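Okay, here's what each chain looks like letter by letter:
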Amino acid sequence: MKLWKRTLLCLCLISMLAQQVLANAVLAPVENYVVNRAVAGIVANRIAAAEGVAANDAVWLARAANEPVYAATMAGISKQMTAVNIASTVVGGALAIAGAPVWLTIAAGLGVMAVGAYYFTNDQLQKVSINQSGSSVVIQTESTPIKPAYIPPVSSGSSESFGAMAVASGLLVYRGSCSYGGDCLSYPPAPAEYWVDAPFMLSNGNFVVIAYSLAEISRFMKADTKRISDGGGYDGYSGQRVVKTFNGAFFLPRSGGGQDLFGTYTVSTTPPPVKNASGVEVVGMPVITTETKQLFDWTVGANAPIPQTFTNLTDAYPTLTDAQKAIPVPASQLAEITNEAWLRAAQDPNYKGLPYSVTQPITAADVATWQAANPNAMPTLGDMLRPARNPATDPNGVPISPTANSNSNPIPNPNPGTNPGTNPSGRPDLGEDPGVPDPTLEDTPDAATILSPLTSLFPELRSYQAPSHVSQCPKPTFDLFGRSIVMDAQCTIAEQFRSELAAVMLVVWLLVGLFILLSA
């Protein structure tokens, strides 16, 4: 190959690589250590409780970093998070951003899921779900616009009127042309160019109805469908009774791109009554079917909260709004991340931190306790989409500390013998010698001295003797028809089965004594 062709090929490859690196650098978010601090803070409260200290005690937390159990616990969790982070870096995939793992990648590596999803929010306006579908990841986002101020009329007509049903369903209702008058005159006029920002719009001449979510559309359509069914509006000409129930509104992908609004109905069709041989009318059984159709009456605006679907975080991240990134992480999901991190740390044979209790795992209640003292520190979706560490400033791995920052995991000193903070002798300067003498130990007691408090317990019980006791089988006597009758058959039977009865009563009294001890 000629030299100029090789040169041109190299320049093209370098240009493509540079463009890819530049795109990744612009796209990838940077670490902020919010999740790192949250995980550490929640575990720190558990360590404080084990040491008899109140949760979120700032004084204890300030000196806790120098305590061996505290330091070993944080180091153990850091070690496990670093291992998961490294594994995620190697695997990469759909839950990484520009090839770099983020906290959501670590959560997936820990096997933490919420409501069957890697991430799920139930916010009324901003919704984000990240699910595993087969071998791929499905990321759905939905952002609902904020409603403008609206004051409904004092009297909006009967409860079954079109406008009143829409207001009761949470929709904004305005006066349309209202050519023939009626209760539509009591509604305010529609704002100028209302159709520009309206997410969903329905107009029937008298009214202009604006909805801001699929839930609002579903509530209104259920009420309106019931009104029509009750009035016989769906009945067939042949005498069929048709009752429809609206189930819900949803989007379906449109051929060629985009989304269309659909709704499903449950349809109950009862045939007209027929006369039997006796001339009595018999009503047949209703037939239940499901109907799905496009809701052509509704206009879908540019601001409609249409779900967007992606197959990887790299494509989804630029489309997330600031409001969606600000959604707090569900307390249950943060608790699962913290609990799994601590559990894995405690399973390490070299772990020296606070033991993990399987009967007292980290729960949402622990998160709430920590959040009460740190109301502005709760991680958000945006924090979950940031890296857990910076390789340049965190060479020791993922920092886990309530005060984690870019300098929380410094490069270790290659020569521990010389530290800028110590004197030339290599020993730390602790100040003047206070002259405190060495401690002395008492004489070690012998075994008899150690056991004497136990052997001298309850002296009155040691001298106790059971009193002598003599018993005799009762033989009741009574007179009947001039004769004295003695009932002694039971004594003969008891004496005959003495050993069996003794064994049974021994078991009975042992059980009675056991119940008394257990109930004490």
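Residues numbered from 1 in each chain as written. Predicted model: local features only at pLDDT ≥ 70, side-chain atom pairs only at ≥ 80, totals over all residues. Heavy atoms only, no water.

### Observations concerning helix H8 (residues 214-230)
- Spanning 17 residues, H8 covers 24 Å between terminal C-alpha atoms, matching the ideal 24 Å at 1.5 Å per step.
- For H8, the full list of buried residues reads Leu214, Glu216, Ile217, Ser218, Phe220, Met221, Asp224, Thr225 and Ser229.
- Looking one or two residues beyond H8, the residue adopting positive phi is Gly232, at roughly 75°. (Helix = DSSP H or I, 4+ residues; strand = E, 2+ residues; numbered from the N terminus. Expected span 1.5 Å × (residues − 1). Buried < 20%, exposed > 50% of the residue type's maximum accessible area, 1.4 Å probe, protein only.)

### Overview of the sheet that holds strand E4 (residues 172-175)
- On the basis of which strands lie adjacent, the open sheet formed by four strands has the order E4-E6-E5-E12 and antiparallel pairing. Strands at the two margins of the open sheet, each flanked by one partner only, are E4 and strand E12 (299-300).
- With four bridges connecting them, E4 and strand E6 (residues 207-211) associate as antiparallel partners. Across the sheet, the residue bridging to Leu172 is Ile210, located in E6. (Pairing = 2+ DSSP bridges.)

### Observations concerning the sheet that holds strand E11 (residues 287-294)
- Strands sit in the order E7-E8-E11 across an open sheet of three strands; the sheet is antiparallel. The strands lining the two open edges of the sheet, one partner per strand, are strand E7 (241-253) and E11. Across the sheet, the mean angle from the axis of one strand to that of its neighbour is 20°, orientation sign disregarded.
- Pairing geometry for E7 and strand E8 (residues 259-270), over 12 bridges, is antiparallel. Of the residues in E8, the one forming a bridge with Leu252 is Asp260.
- Those strands touched by H8 are E7 and E8, and its axis lies near 160° from that of E7. (Axes fitted to C-alpha atoms, helices over the stretch in contact; angles between N-to-C directions. Contact = heavy atoms within 4.5 Å.)

### A look at the nonpolar core
- Formed by 56 residues in total, the largest nonpolar core has its most connected members in Ile77, Met81, Trp103 and Leu313.
- In terms of residues, this core owes the most to one element, helix H2 (residues 34-50), which gives nine residues.
- Excluding its chain neighbours within four sequence positions, the residues that come into contact with Ile77 are Val39, Val43, Ala341, Trp342, Ala345 and Ile400.
- Counting 36 residues, the second-largest nonpolar core is a separate cluster that includes Leu202, Val209, Ile210 and Ala249. (Core = buried A, V, L, I, M, F, W, Y, C linked by side-chain atoms within 4.5 Å.)

### A closer look at the packing of H2 against helix H12 (residues 364-373)
- At their nearest, the axes of H2 and H12 sit 9 Å apart, and the two run at 100° to each other. Classified by the angle between their axes, H2 and H12 sit roughly perpendicular to one another. Together, Ala38, Gly41, Ile42, Asn45 and Arg46 of H2 and Asp366, Val367, Thr369 and Trp370 of H12 make up the contact between the two elements.
- Its residues placed into classes, the contact of H2 with H12 shows four nonpolar, three polar and two charged. (Parallel < 35°, antiparallel > 145°, perpendicular 65-115°, else oblique. Nonpolar A, V, L, I, M, F, W, Y, C, P; charged D, E, K, R; others polar.)

### Considerations on empty space enclosed by the protein
- Counted under the stated rule, the structure contains one cavity of 30 Å³ or more.
- What the largest cavity holds in volume is close to 40 Å³.
- In this structure, the largest cavity is lined by Val128, Ile130, Ile139, Thr141, Leu313, Ala316, Tyr317, Leu320, Leu381 and Leu385.
- Put simply, the parts of the chain that give the lining of the largest cavity at least two residues each are strand E2 (126-133), strand E3 (136-143) and helix H9 (313-316).
- Of the residues contributing to the lining of the largest cavity, the split by class is nine nonpolar, one polar and no charged. (1 Å grid on protein atoms, 1.4 Å probe; cavity = no way out; pocket = protein on both sides within 12 Å on 5 of 7 lines; lining within 4 Å. Points joined across faces, edges and corners; volume = space filled by probe spheres on them.)

### Some details on the pattern of salt bridges
- Going through the model one piece at a time under the given rule, you end up with nine salt bridges.
- Across the salt bridge formed by Glu340 and Arg344, the nearest N and O atoms sit 3.0 Å from each other. Note that Glu340 and Arg344 are positioned in helix H11 (residues 331-346) at a spacing of four residues, about one turn of the helix.
- When its relative accessible area of 25% is taken as the criterion, Arg344 is described as partly exposed. (Salt bridge = Lys/Arg side-chain N within 4 Å of Asp/Glu carboxyl O.)

### What to know about H2
- If you check H2, its first and last C-alpha atoms are 25 Å apart, about what 17 residues at 1.5 Å a residue would give, namely 24 Å.
- For H2, a buried count of 14 out of 17 residues is recorded, marking the element as mostly surrounded by other parts of the structure.
- Of the residues trailing H2, Gly52 is marked for its positive phi of about 75°.

### Considering the pairing of E8
- Across the 12 residues of E8, 10 count as buried, placing the element largely inside the fold.
- Following E7, the chain reverses through five residues before pairing antiparallel with E8; Gly256 in that reversal takes a positive phi of roughly 95°.
- Of the strand pairs in this sheet, E8 and E11 are connected by eight bridges, and their pairing is antiparallel. Looking across to E11, one finds that Phe262 is bridged to Gln294.

### Concerning the state of the cysteines
- Enumeration over the complete set of coordinates arrives at two disulfides.
- Between the sulfur of Cys178 and that of Cys184 lies a disulfide, 1.6 Å long from S to S. Residues Cys178 and Cys184 share a disulfide whose torsion about the S-S bond is about 80°; that sign makes it right-handed.
- Judged by its relative accessible area of 7%, Cys178 falls in the buried class.
- In this model Cys473 forms its disulfide with Cys491; the gap between the sulfur atoms is 1.9 Å. (Disulfide = S-S within 2.5 Å.)

### Regarding the side chain of Asp260
- Along the chain, the position of Asp260 falls in strand E8.
- With relative accessibility at 17%, the residue Asp260 sits in the buried group.
- With near-sequence residues (within four places) excluded, Asp260 lies in contact with Phe250, Phe251, Leu252, Arg254 and Gln294.

### Regarding the packing of aromatic side chains
- Across all of its chains, the model carries 11 aromatic pairs by this definition.
- Centroid distance Tyr150 to Tyr174: 5.4 Å. Interplanar angle 80°. Geometry classified as edge-to-face. Of this pair, Tyr150 sits in the loop between E3 and helix H6 (162-168) while Tyr174 is found in strand E4, placing the two residues 24 residues apart along the sequence. Accessibility classification places Tyr150 together with Tyr174 in one group, the buried group.
- Their ring planes at 80° and their centres at 5.1 Å tell us that Tyr194 and Trp195 sit as a pair that is edge-to-face.
- Grouped by ring-pair contacts, the aromatic residues Phe162, Tyr187, Phe207, Phe220 and Trp298 constitute a single cluster.
- The ring of Tyr265 carries Lys244 above its face, with NZ or CZ at 5.6 Å from the centroid.
- A cation over a ring is seen here: Lys325 above Tyr317, with NZ or CZ 4.2 Å from the ring centre. (Phe/Tyr/Trp six-rings, centres within 6.5 Å; stacked < 30°, edge-to-face > 60°. Lys NZ or Arg CZ within 6 Å of the ring centre and 35° of its normal.)

### Some remarks on the confidence of the model for the protein
- Scored by pLDDT, the protein comes out at a mean of 79, with 80% of its residues at no less than 70.
- Per-residue pLDDT stays below 50 along residues 15-26; that stretch engages in one contact with residues further than four places along the chain or on separate chains.
- Throughout residues 410-428 the model reports pLDDT below 50, and contacts reaching past four residues in sequence, or to other chains, amount to 11 contacts. (pLDDT = per-residue confidence, 0-100.)

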